[in-house]
Amino acid sequence: MHYRVTTYDFNSERFDDMMAYADSIKDQVQNIEGLNFAHVCSTSETGAVIVAQYDNEEAMENATPKFREIMGGMAQFYTSAPNPVGAEVIWQSDH
């Protein structure tokens, strides 16, 4: 498993619009090959983190252009540039 963790800040006054947009692209995100899930977690009133799990690093890298294309529409809600980092699983509690 490999993860991409992306932090970003957003305009809290447009939160409902941002969530509606996210819902509108859900099917596209779910159809990204090699992506197991993508979760968006609120970290503050104006901050969030996306945690996306991929089958492996190659799947993450191959999915990057499609993920950026799909997520490009989210830019209208950002107040800072997204900060993505790849992360390899080195420990887990579920196995």
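Data block above holds the structure.
Conventions and cut-offs
- Residues numbered from 1 in each chain as written.
- Predicted model: local features only at pLDDT ≥ 70, side-chain atom pairs only at ≥ 80, totals over all residues.
- Heavy atoms only, no water.
- Pairing = 2+ DSSP bridges.
- Helix = DSSP H or I, 4+ residues; strand = E, 2+ residues; numbered from the N terminus.
- Axes fitted to C-alpha atoms, helices over the stretch in contact; angles between N-to-C directions.
- Buried < 20%, exposed > 50% of the residue type's maximum accessible area, 1.4 Å probe, protein only.
- Phe/Tyr/Trp six-rings, centres within 6.5 Å; stacked < 30°, edge-to-face > 60°.

**Describing the sheet that holds strand β2 (residues 35-42)**
Pairing in this open sheet of 4 strands is antiparallel, and the strands run β2-β3-β1-β4 from one edge to the other. At either margin of the open sheet sits one strand with a lone partner, and together these are β2 and β4 (83-88). Mean inter-strand twist for the sheet, computed between neighbouring axes without regard to direction, equals 15 degrees. Pairing analysis gives 6 bridges linking strand β1 (residues 2-9) to β4, with the strands arranged antiparallel. For threonine 6, the partnering residue across the bridge sits in β4 and is proline 84.

**Observations concerning the pairing of strand β3 (residues 47-54)**
Of all 8 residues that make up β3, 7 are buried, and the element is covered over most of its length. The sheet contact formed by β1 and β3 spans 8 bridges and is antiparallel. By the bridge assignment for β3, tyrosine 8 is matched with alanine 48. Judged from the 7 bridges that link them, β2 and β3 form a sheet pairing that is antiparallel. Its bridge partner lying in β3, leucine 35 is registered against tyrosine 54.

**Topic: the packing of aromatic side chains**
Counted according to the given criterion, the structure contains 5 aromatic pairs. Their ring planes at 65 degrees and their centres at 6.3 Å tell us that tyrosine 3 and phenylalanine 37 sit as a pair that is edge-to-face. A residue pair is termed long-range when its members are at least 10 positions apart, and tyrosine 3 in strand β1 and phenylalanine 37 in strand β2 qualify at 34 residues. Exposure remark for tyrosine 3: the relative accessible area of 19% places this residue in the buried category. Judged by its relative accessible area of 26%, phenylalanine 37 is partly exposed.

Purely geometric stuff here, so don't read any function into it on its own.
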